[in-house]
Amino acid sequence: MTSPYPAIRIPDIGMGASVALWGFRAAAFNHTQCPALRAGFQEAMGPYGNIGVERLSILTQAIMRSGKRNIDLSPMPSFDVTSDELSIVAILAAAQNDDGDLCSSHMSWLLCGGPQSEVNRAAHDVAEAFTLANLDLLKPGIELILKGPSSNATVFPQTGNA
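## Observations regarding unusual backbone geometry
Cis rather than trans, the peptide bond between methionine 76 and proline 77 has omega equal to 5°. Phi is positive for asparagine 30, close to 60°, though the residue is something other than glycine. Relative to the elements of secondary structure, asparagine 30 occurs in the loop between helix H1 (15-28) and helix H2 (35-45). Its identity is not glycine, yet asparagine 134 carries a phi of approximately 60°, on the positive side. Positionally, asparagine 134 belongs in the segment after helix H6 (117-132). With a relative accessible area of 69%, asparagine 134 lands in the exposed category.

Given below as structure tokens:
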């Protein structure tokens, strides 16, 4: 599935979210030991760089265990951002800003109704590491895009078997 927001690219989501998404992708593709990733996190997060990578790895594993669907990620090193990746960023931004409703809404979508408690804990741990490193996770500007005119179709409930 491609992003419904083709104009959204890594530089558009802010430094903190870009770093977080880079780490999430690396964890999802099992590349957390990459020297370039580790050096980049050390540069971006200072002494919290390794903690950031480890906590993003834990978050990725939690989503893999709790989710009931595949998460659409852009391949590394793509600058494109998928709608699922925007939800991951929104979860982390909400966790950093203590916005439980937004965090829960995006988790419901991302996990397809799967259990949220482990992912919620992991997201807050990631957000804490980014806060300690003075990296703000900005909530992405997600807007509803309607594809064509809406229809006013009449819906009839099913009342029996045919």
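## Description of the pattern of salt bridges
All told, the structure shown has five salt bridges when counted by the stated rule. Ionic pairing is found between arginine 65 and glutamate 118, a salt bridge with its closest N-O pair at 2.3 Å. Here the residue arginine 65 occupies a position in helix H3 (residues 49-66), and glutamate 118 occupies one in helix H6, the gap between them amounting to 53 residues. Classification of arginine 65 as exposed rests on a relative accessible area of 53%. Residue class for glutamate 118 comes out partly exposed when judged on its relative accessible area of 25%. Among the ionic pairs, arginine 69 bridges to aspartate 84, the shortest N-O distance being 2.8 Å. Taken together, the residues arginine 69 in the loop between H3 and helix H4 (83-96) and aspartate 84 in helix H4 connect sequence positions 15 residues apart.

## Focus on the packing of aromatic side chains
For the structure shown, the criterion picks out one aromatic pair. Between arginine 69 and the ring centre of tryptophan 109, over which it is positioned, the NZ or CZ distance is 4.6 Å.

## Here's the deal with the nonpolar core
Counting 34 residues, the largest nonpolar core has Phe41, Met45, Leu56, Leu59, Leu92 and Phe130 as the members making the most contacts within it. Listed by contribution, the elements that provide at least two residues to this core are H1, H2, H3, H4, helix H5 (100-111) and H6. No other element matches the seven residues that H6 contributes to this core. Membership of the second largest hydrophobic core comes to seven residues, among which are Ile10, Ala17, Leu21 and Leu86.

## With respect to the packing of H1 against H2
Contact pair H1 / H2: the axes reach a minimum separation of 11 Å and the direction vectors enclose 155°. Here H2 runs roughly antiparallel to H1, going by the angle between their axes. As for the relative orientation of H1 and H2, their crossing is left-handed in sense. Contact residues: Met15, Val19, Trp22, Gly23 and Ala26 in H1; Ala36, Leu37, Gly40, Phe41 and Ala44 in H2. When its residues are assigned to classes, the contact of H1 with H2 shows eight nonpolar, two polar and no charged.

## Section: H4
The end-to-end C-alpha distance of H4, which contains 14 residues, comes to 20 Å, matching closely the 20 Å that a straight helix rising 1.5 Å per residue would cover. Of all 14 residues in H4, 14 are buried; the element is thus mostly enclosed. Downstream of H4 by one or two residues, aspartate 98 has phi in the positive range, about 55°.

## Section: a nonpolar patch on the surface
A contiguous nonpolar surface patch, about 250 Å² in accessible area, is contributed by Trp22, Phe29 and Met76. Its location among the elements puts tryptophan 22 in helix H1.

Cut-offs and rules
- Residues numbered from 1 in each chain as written.
- Predicted model: local features only at pLDDT ≥ 70, side-chain atom pairs only at ≥ 80, totals over all residues.
- Heavy atoms only, no water.
- Helix = DSSP H or I, 4+ residues; strand = E, 2+ residues; numbered from the N terminus.
- Buried < 20%, exposed > 50% of the residue type's maximum accessible area, 1.4 Å probe, protein only.
- Salt bridge = Lys/Arg side-chain N within 4 Å of Asp/Glu carboxyl O.
- Phe/Tyr/Trp six-rings, centres within 6.5 Å; stacked < 30°, edge-to-face > 60°.
- Lys NZ or Arg CZ within 6 Å of the ring centre and 35° of its normal.
- Core = buried A, V, L, I, M, F, W, Y, C linked by side-chain atoms within 4.5 Å.
- Axes fitted to C-alpha atoms, helices over the stretch in contact; angles between N-to-C directions.
- Parallel < 35°, antiparallel > 145°, perpendicular 65-115°, else oblique.
- Left-handed = near helix turned anticlockwise from the far one by under 90°.
- Contact = heavy atoms within 4.5 Å.
- Nonpolar A, V, L, I, M, F, W, Y, C, P; charged D, E, K, R; others polar.
- Expected span 1.5 Å × (residues − 1).
- Patch = residues over 30% accessible without salt bridge, like charges linked within 9 Å, V, L, I, M, F, W, Y side chains within 5 Å.
- Areas by Shrake-Rupley, 256 points an atom, 1.4 Å probe, with all protein chains shown as cover.

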